[in-house]
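Chain and residue survey
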Amino acid sequence: MPANDFVVTPWEVTGKVDYEKLVERFGTQIIDDSLLERIRRHAGELHFMLRRGIFYSHRDLGGIMNEHEKGNEFVLYTGRGPSGSTHLGHLMPWIFTKYLQDSYGAKLLFQLTDDEKFLFNEAMSHEDTKRYAYENALDIIALGFDAKKTEIFLDTEYITPLYEIALRVAKRVTFSTAKAVFGFKNSTNIGSIFFTSIQSVPAFLESQRQGRGVPCLIPCAIDQDPHFRVTRDVASALGYPKPALIHCKFFPSLAGSDKMSASNTESSIFTTDAPEVAGDKIMNAFTGGGATVREQREKGRKPVECSIYQYYYYVFEEDDEKVAELSRKCKEGEMICGECKALLAERVKAFLRAHQRNREKAKDRLEEFMLRD
């Protein structure tokens, strides 16, 4: 890979991601002002992740708006591959999904792919992935999704309704297509090759249940788009509407890289971290700040290169004017890195305390949300 290039697949993100170039590679579309205005008109307000271009790319989002304007329902579908504890990067698209549910009254299908992580990770047993799936489910519930409109399921526990549709998908997907899209090799286990058929199913599940075409919108990070290119390719042949997608950028790492990673515990903040531990991680985070306080005061810094500023921008400050003011203070040296870190640390600690209280309460509410065979 050239030094200035990057790789984005459902299982790997390396290099500095050029999001505009990624849209060209994947063949998606930028969310333009006219589409944003349609969302704002129906939702009442634009979520800050839309205003700031964090959710920035789509497939057929206009079609979903068309259906809504006709008075037709659509269903939301998103998911999580349970390979470890939930970190703040995982929460970001879920927070946005809740906005969509609240704004449009949409039903949500939430898939926990315990099978995927078992198949793709040699070090993980199925007992591991199942345990993490239930831990992750607590974080989903803790965000406040509507229990009457939200269904959460593990693939292996809800496989009977999924399998028939997955078979029909699998019959339409050739091995050459799977290799071209996902880079599979002769050494790839056959379960991994089959898996995209399972991941396609929730996009069609509500249509199958109702016996009519129900449009589906999938909010997800853009690295998951390849799965759903395959899903969209087979949809019409199976008699289902093609699912629409809305893609977000990656939540940045405290180490200054593009994507927070569960494997690097010091550069990621987990929902189960003690608030004080999370605060320490923030105080040790990369900022690109000057060598001395004097240098920072005199020269200022570049907020777009600072992981602390990105935390405010992506999740922890909804007010655009306050984000702009923070950027100005950073550039002009009015606020130095230590001060900015300390403020963010307190905000993140307060968020974790509240989320962990809700997470504890979620243990008594699991059965309100879970689907099983």
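Given the structure is predicted, the values throughout are model-derived calculations rather than measurements.

Now for the sheet that holds strand β9 (residues 244-248). On the basis of which strands lie adjacent, the open sheet formed by seven strands has the order β3-β4-β9-β8-β5-β6-β7 and mixed pairing. Pairing within the sheet leaves two strands with one partner each, and these edge strands are β3 (29-30) and β7 (150-154). The sheet contact formed by strand β8 (residues 216-221) and β9 spans five bridges and is parallel. When the sheet's bridge partners are listed, L217 is paired in β9 with A244.

For the coordinates displayed, the defined rule picks out 22 aromatic pairs. A centroid spacing of 3.8 Å and a plane angle of 20° characterise the contact between F55 and F96, whose relative ring orientation is stacked. Taken as a pair, F55 in strand β4 (residues 55-59) and F96 in helix α5 (residues 88-104) lie far apart in primary sequence, 41 residues in all. Each member of the pair, F55 together with F96, is buried. Between F96 and Y99 the ring centres are 5.5 Å apart and the planes differ by 35°, which places this aromatic pair in the tilted class. One end of the pair is F96 and the other is Y99, both in helix α5 and three residues apart, which spans about a single turn. Judged by its relative accessible area of 0%, F96 is buried. Among the residues examined, Y99 registers a relative accessible area of 8% and is labelled buried. Grouping aromatic residues by their ring pairs yields a cluster made of F251, Y309, Y311, Y313, Y314, F316 and F351. Lying over the aromatic face of Y132, R131 brings its terminal NZ or CZ to 4.6 Å of the ring centre. A cation over a ring is seen here: R229 above F26, with NZ or CZ 5.0 Å from the ring centre.

Summed over all chains, the structure comprises 32 salt bridges. Of the charged contacts in the structure, one is a salt bridge between R25 and D5, with a shortest N-O distance of 2.5 Å. Taken together, the residues span a long stretch of sequence, with R25 in helix α1 (residues 19-26) and D5 in the segment before β1 (7-9) at a distance of 20 residues. Accessibility expressed as a relative area gives 42% for R25, which makes it partly exposed. D5 sits in the partly exposed class, given a relative accessible area of 21%. Here E346 ties to K349 by a salt bridge, and the two come within 2.9 Å at their closest N and O atoms. Separated by three residues within a single helix, E346 and K349 lie in helix α17 (residues 337-362), roughly one turn from each other. Under the relative-accessibility criterion, E346 is labelled partly exposed at 45%. A relative accessible area of 9% places K349 in the buried class.

Parameters and conventions
Residues numbered from 1 in each chain as written. Predicted model: local features only at pLDDT ≥ 70, side-chain atom pairs only at ≥ 80, totals over all residues. Heavy atoms only, no water. Pairing = 2+ DSSP bridges. Helix = DSSP H or I, 4+ residues; strand = E, 2+ residues; numbered from the N terminus. Phe/Tyr/Trp six-rings, centres within 6.5 Å; stacked < 30°, edge-to-face > 60°. Buried < 20%, exposed > 50% of the residue type's maximum accessible area, 1.4 Å probe, protein only. Lys NZ or Arg CZ within 6 Å of the ring centre and 35° of its normal. Salt bridge = Lys/Arg side-chain N within 4 Å of Asp/Glu carboxyl O.

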